[in-house]
Amino acid sequence: MARLRATFIATAALLLGCGPVTASTPTLLWRDAKKVAVLCLVAPTRLLDNRDLQSDICRRVVANAARNSPLPVTEIAHGDPQVIASDTVALLVHASVQAGPEPTPLVAFSIRPFRATAEQTAQLFSAPPRAAALGADSAALDAAIDAVLSETLPWRADEAPSGPQPLIER
C-alpha cells in the first residue's frame, strides 16, 4: 500500500511539473563524519606543470568546500592514512588537462566523495565532470568547482529543491 501511494505521489508530481522527487537527507556516507580530506590528482601533461596545477586546484577545492562547512576541511597528500580513516570523507579530485581553444588549455575534472566504511554507505555516482579553461581568468575554474561541490556536499545543496541537508547523526 505504501509503495502504491509513493508511486502515485511521484507520478502526480511529474504530471504537475514539479520535477523529480529528491531525497531530504544525504547519503549514509556522511553519517558520523568528523572531517573532510581533499586528495587531488592531476594527470601528467606536456601542456603545463601538473604539480603546480594540482596544488592550485586542491587549494581552491579546500577553500570552497570549507565555506560554511560544519566539518574541518583539509588537503592531504597521496599515501596519507586519513583517506581510509573511518571518520573521514575524502573528496577525490581527479583532473586532466586537454588542448583547448588556442592557446588556452582546458582542465576537465570530477570530485567524488569516498569513505572507507561499510559497503552500504558507498555513493555510487557523484556530480558530473566539469571543464574550465585555464588562464589568467580563474573565475571559470572557481565556478566549475563551486558547481560540483554544490552537488556533492550536503551543506552546500542550498540550490536543490530540498534545501541544505544536515549531516546524519546517530
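Preceding this paragraph is the structure being described.
The structure contained in this document is the topic of the report that follows. These figures come from a predicted structure and were not determined experimentally.

**Overview of the overall build of the protein**
Next, step 1: Tallying secondary structure elements over the protein gives 3 helices and 5 strands in all.
Next, step 2: Starting at the N terminus, the α and β elements of the protein follow one another as α-β-α-β-β-β-β-α.
Next, step 3: The buried share of the protein, taken over its 170 residues, is 36%.
Next, step 4: Contacts in the protein between residues at least 24 apart in sequence constitute 65% of all its contacts with a sequence separation of at least 6.
Next, step 5: Of the roughly 10100 Å² of accessible surface on the protein, 60% is carried by carbon and sulfur atoms.

**Observations concerning unusual backbone geometry**
For residues that are not glycine, phi is negative in most cases, and the peptide bond is trans in most cases.
Next, step 1: Positive phi outside glycine occurs at aspartate 32, with the angle close to 60 degrees.
Next, step 2: Checked against the element boundaries, aspartate 32 lands in the loop between α1 (2–15) and β1 (35–42).
Next, step 3: We classify aspartate 32 as partly exposed; its relative accessible area is 21%.
Next, step 4: Residue asparagine 68 is not a glycine yet carries a positive backbone phi of 60 degrees.
Next, step 5: Among the secondary structure elements, asparagine 68 is positioned in the loop between α2 (50–66) and β2 (73–75).
Next, step 6: On the accessibility criterion, asparagine 68 (66% relative accessible area) is exposed.

**Re the nonpolar core**
Next, step 1: Membership of the largest hydrophobic core comes to 33 residues, with the highest contact counts inside it found for Val38 and Ile57.
Next, step 2: Listed by contribution, the elements that provide at least two residues to this core are β1, α2, β3 (88–98), β4 (106–114) and α3 (139–152).
Next, step 3: Here the element with the most residues in this core is α2; it accounts for 6 residues.
Next, step 4: With residues near it in sequence (within four places) discarded, isoleucine 57 still touches Val42, Val93, Ala95, Val107, Leu141 and Ile145.
Next, step 5: The next biggest cluster of nonpolar side chains, apart from the first, holds 5 residues, and it includes Leu39, Ile76, Val83 and Ala90.

**As for the pattern of salt bridges**
Next, step 1: Under the counting rule described, the total for this entry stands at 6 salt bridges.
Next, step 2: Linking aspartate 142 and arginine 60 is a salt bridge whose minimum nitrogen-to-oxygen distance equals 2.7 Å. Here arginine 60 lies in helix α2 and aspartate 142 lies in helix α3, a separation of 82 residues in the sequence.
Next, step 3: With a relative accessible area of 15%, arginine 60 lands in the buried category.
Next, step 4: Among the salt bridges present, the one from glutamate 151 reaches arginine 130, with a minimum N-O distance of 2.7 Å. In this pair, glutamate 151 is assigned in helix α3 and arginine 130 in strand β5 (residues 130–133), connecting sequence segments 21 residues apart.

**What about the packing of α2 against α3?**
Next, step 1: Between α2 and α3, the shortest axis-to-axis distance is 10 Å and the interhelical angle comes to 50 degrees. When the axes of α2 and α3 are compared, the pair comes out oblique. Handedness of the crossing formed by α2 with α3: right-handed. Residues Asp56, Ile57, Arg60, Val61, Asn64 and Ala65 of α2 touch α3, and the partners they reach there are Leu141, Asp142, Ile145, Asp146 and Leu149.

**A short note on the side chain of threonine 88**
Next, step 1: Note on placement: threonine 88 falls in strand β3.
Next, step 2: A polar contact of 3.2 Å, which involves the side chain of threonine 88, links it to the side chain of aspartate 87.
Next, step 3: The residues contacting threonine 88, other than those within four sequence positions of it, are Lys35, Ala37, Gln82, Phe114 and Arg115.

**Some details on the packing of aromatic side chains**
Next, step 1: According to the stated counting rule, one finds 1 aromatic pair in the structure shown.
Next, step 2: Here the aromatic rings of tryptophan 30 and tryptophan 155 are separated by 5.4 Å at their centres, their planes lie at 85 degrees, and the arrangement is edge-to-face. Within this pair, whereas tryptophan 30 is found in the loop between α1 and β1, its partner tryptophan 155 is found in the segment after α3, the two being separated by 125 residues in sequence.

**Some details on α3**
Next, step 1: Here α3 contains 14 residues, and its C-alpha end-to-end distance of 20 Å stays within 8% of the 20 Å for a straight helix at 1.5 Å per residue.
Next, step 2: Taken together, the buried positions of α3 are occupied by Leu141, Ala144, Ile145, Val148, Leu149, Ser150 and Thr152.

Thresholds applied
- Residues numbered from 1 in each chain as written.
- Predicted model: local features only at pLDDT ≥ 70, side-chain atom pairs only at ≥ 80, totals over all residues.
- Heavy atoms only, no water.
- Helix = DSSP H or I, 4+ residues; strand = E, 2+ residues; numbered from the N terminus.
- Buried < 20%, exposed > 50% of the residue type's maximum accessible area, 1.4 Å probe, protein only.
- Contact = heavy atoms within 4.5 Å.
- Areas by Shrake-Rupley, 256 points an atom, 1.4 Å probe, with all protein chains shown as cover.
- Core = buried A, V, L, I, M, F, W, Y, C linked by side-chain atoms within 4.5 Å.
- Salt bridge = Lys/Arg side-chain N within 4 Å of Asp/Glu carboxyl O.
- Axes fitted to C-alpha atoms, helices over the stretch in contact; angles between N-to-C directions.
- Parallel < 35°, antiparallel > 145°, perpendicular 65-115°, else oblique.
- Left-handed = near helix turned anticlockwise from the far one by under 90°.
- Polar contact = N/O pair within 3.5 Å; in protein donor to acceptor, adjacent residues only side chain to side chain.
- Phe/Tyr/Trp six-rings, centres within 6.5 Å; stacked < 30°, edge-to-face > 60°.
- Expected span 1.5 Å × (residues − 1).

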